[in-house]
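In case you want the letters, here they are:
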Amino acid sequence: MEKKLFEAINRFRKNKLYVLISEIVFIGLIVIMALVKVNKGLDITDSSYSLSNFVNIHKLDSMWYFSTFYSNLLGRIFTVLPMGKTMLGLNFYTGLVKLAIALVAYFFFTKEVKVSRELTFIGVLVSVALCWCPTTILYNYLTYLFFFLGCMFLYKGAVRSSRRYLILAGAALGSNFFVRLPNICEVALIAALWIYEIAKREKFFEVFKKTLYCMLGYAAGLAPGILLIGVHRGYKEYVKGISELFSMTDESASYSPIEMVLSVLRQYIETWKWTEIAVFALIVALLAFLVLPSTLSWLRYVLATISTLGFGFLLYKKGLFDLNFHWFGPVYRFGALILSIAIVWLLFVLCHRKTPAEERLLSAIALIVIAITPLGSNNDIYSNLNNMFFVLPVVLYLVVRFVDTNEYFQGVRYAYFCLILAFSLLSTVFGVTYVFRDGLDAKMDTFVKGNERMKGMKTTAHNAKNLTELSEFWKDGNLSEGKVLLFGDVCGLGFYLDTDIAISTAWPNLPSFSIDKFEKEMKDLSIRITEKGEAYPSVVIQDESGDGMHMPGTDEKKEILNEFLDKNGYEVVYSNDVLKVYLTNK
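Residues numbered from 1 in each chain as written. Predicted model: local features only at pLDDT ≥ 70, side-chain atom pairs only at ≥ 80, totals over all residues. Heavy atoms only, no water.

Q: Is there a simple way to explain the packing of aromatic side chains in this structure?
A: Two measures describe an aromatic ring pair: the distance that separates the ring centres and the angle between the ring planes. This model, assessed by the stated rule, comprises 44 aromatic pairs. With centroids separated by 5.6 Å and ring planes inclined at 65°, the aromatic side chains of Y65 and F69 adopt a geometry described as edge-to-face. Judged by centre distance (5.7 Å) and plane angle (65°), the rings of F92 and Y93 are edge-to-face. Look at Y93 and you get buried, because its relative accessible area is 14%. One aromatic cluster is present, built from ring pairs that chain together Y65, F66, F69, Y70, F177, F178 and Y238. Here R164 stacks its cationic end above the ring of Y165, 4.8 Å away from the centre of that ring. The aromatic ring of Y65 is capped on one face by R233, whose charged end is 3.9 Å from the ring centroid. (Phe/Tyr/Trp six-rings, centres within 6.5 Å; stacked < 30°, edge-to-face > 60°. Buried < 20%, exposed > 50% of the residue type's maximum accessible area, 1.4 Å probe, protein only. Lys NZ or Arg CZ within 6 Å of the ring centre and 35° of its normal.)

Quick look at the structure:
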């Protein structure tokens, strides 16, 4: 019965009209999901921080300028396009990078790997929906794009034994080095090539030669960045900036390599209490398939479905996820659970002696993507959830494919597949609903008035009121003609208010911006004011209750700032429940 059902489904799937319609519908829905929120959210922190960097790229210190070099350059290019200095326009342009990853993934898996359109669609759509990070943080999405291209070209180069694709794989990863410095870790993908070639019993010299092609491509990918560095600020500034980046962990331990790894491991360990329940659900489904005869295959699926749904409800009651789609509750812990099982599944497929070499290659690449993605960030598995474009389609494909190699694991496979579908449903709703740091407690249905950079963007009524009043105050005082010094989680206001920043960063209280550097820049600012006649900047400080005012080193920096304010006679001239604006009469 089961076999006949799948045969009927496959005949329908091969119908030319269905192929055409499904392709159009699937791609259309992916495009919609990628761009559905371009006009939502006016977060004044991370979402607009990078935009402030793009328009003030000439002011960026060498550390941040070079550590995310290509993303800064691309972001700057976006700002000169139509609507490129508005939140709406930049959301759209940076959203196209996310869309590009999704479309490349869709066509790669359907055309090259021959994954069914339906499975690929689910995997890619959910991957797009899980992108919680604002697209305006461009270095993340540009990283994922080059990383995926590297994975794709490596797969093609290995399977087709193509020198050209191996070189392209290296070039993609070499280019990624200048998107974000920690992307150098992606060279670990070469291990997947060796795993594949060993599975095929290829001669050592042939594998070594293919490795050299990848290395040649990597060098070629580095070359344009090296040339651009010389053109822009010079190699001495590059060395200086990168040296500062390596010393950053002295004041920001969360960016140390060890802490990045430990934060991920801690999350997997914390998920164990739910993983135990999920494993028991898989075992019960396995028993349903082993105990019942094959003639009652329909009953196997019924019992496995009922048991998995029951355990899913238990996981919900035990707090694995909630249904508040305005924050990470529906996907964060659930995502850790899905990834935990995925890692075990991929390792099993990789080590199973009957697994075809191509599927071992996919498993190896997916495992490396899971391992490498969090490096360079202090966001633990949040980074993994934001970069599921390769992992999720592969896991779905291998879960379904494994039925053909071992019938005894059909129950496990089916129960895990059900869990993934439940996670996919939650993730899709999350993808449509969640907007980073905005709309957590209220509807996003209000526009800000009188501000061109925020035109066309929806936010909450409360946030819109604050931003509208601040924009009016800024406009009435002609403050955009001067400069602004921002402190706290208000770093995006330089962009929103169309005002140049007074020092090299719009977010000086970040631990990654050292106390010594802040003190030096404040002294330099004072010198420019007293000796060179530079106008006193406006100063905007986050309310003391805000999270940004409790970061490590903030108290020391606040003392330096207060000394500047007191010395120059600054007073509060405007305030709301988020921030205070200081001006001086000098």
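Q: Please clarify how the pattern of salt bridges should be interpreted in this entry.
A: Side chains that carry opposite charge are capable of pairing whenever their charged atoms lie near each other. All told, the structure shown has eleven salt bridges when counted by the stated rule. Of the charged contacts in the structure, one is a salt bridge between D46 and R437, with a shortest N-O distance of 3.6 Å. Separated by 391 residues along the polypeptide, D46 in helix α3 (residues 46–55) and R437 in the loop between α20 (410–433) and β1 (444–447) bring together distant segments of the chain. Overall, R437 belongs to the partly exposed group, its relative accessible area being 43%. (Salt bridge = Lys/Arg side-chain N within 4 Å of Asp/Glu carboxyl O. Helix = DSSP H or I, 4+ residues; strand = E, 2+ residues; numbered from the N terminus.)

Q: Explain the nonpolar core here, please?
A: A general feature of soluble globular proteins is that nonpolar side chains tend to end up buried together. Membership of the largest hydrophobic core comes to 176 residues, with the highest contact counts inside it found for I365, F390 and L493. If you tally residues by element for this core, the top one is helix α8 (residues 138–159), at 15 residues. When neighbours within four sequence positions are excluded, I365 is seen to be in contact with C151, L154, Y155, L189, A192 and F390. One finds F513, F518, I541 and M549 within the second-largest nonpolar core, a separate group that totals 18 residues. (Core = buried A, V, L, I, M, F, W, Y, C linked by side-chain atoms within 4.5 Å. Contact = heavy atoms within 4.5 Å.)

Q: Sorry if this is basic, but what is going on with helix α10 (residues 190–199) here?
A: Quick reminder: α-helices carry 3.6 residues per turn. Residues three or four places apart thus point the same way. Among the residues of α10, A192, L193, Y196 and E197 are the ones counted as buried. Along the axis of α10, the buried positions cluster into a sector of 130°, meaning they face one direction only. Against the buried residues of α10 lie α8, α9 (163–176), α11 (204–232) and α17 (357–372). A positive phi of about 60° marks R201, the residue just after α10. (Arc of directions from axis to C-beta.)

Q: Which parts of the structure should I look at to understand unusual backbone geometry?
A: The phi torsion of most residues other than glycine is negative, and most of the peptide bonds are trans. One non-glycine residue, M83, lies in the positive phi region at around 60°. Its place among the elements puts M83 in the loop between α5 (69–79) and α6 (87–112). A positive phi angle, close to 50°, is found at N478, a residue other than glycine. With respect to the helices and strands, N478 occurs in the loop between α21 (461–476) and β3 (483–487).

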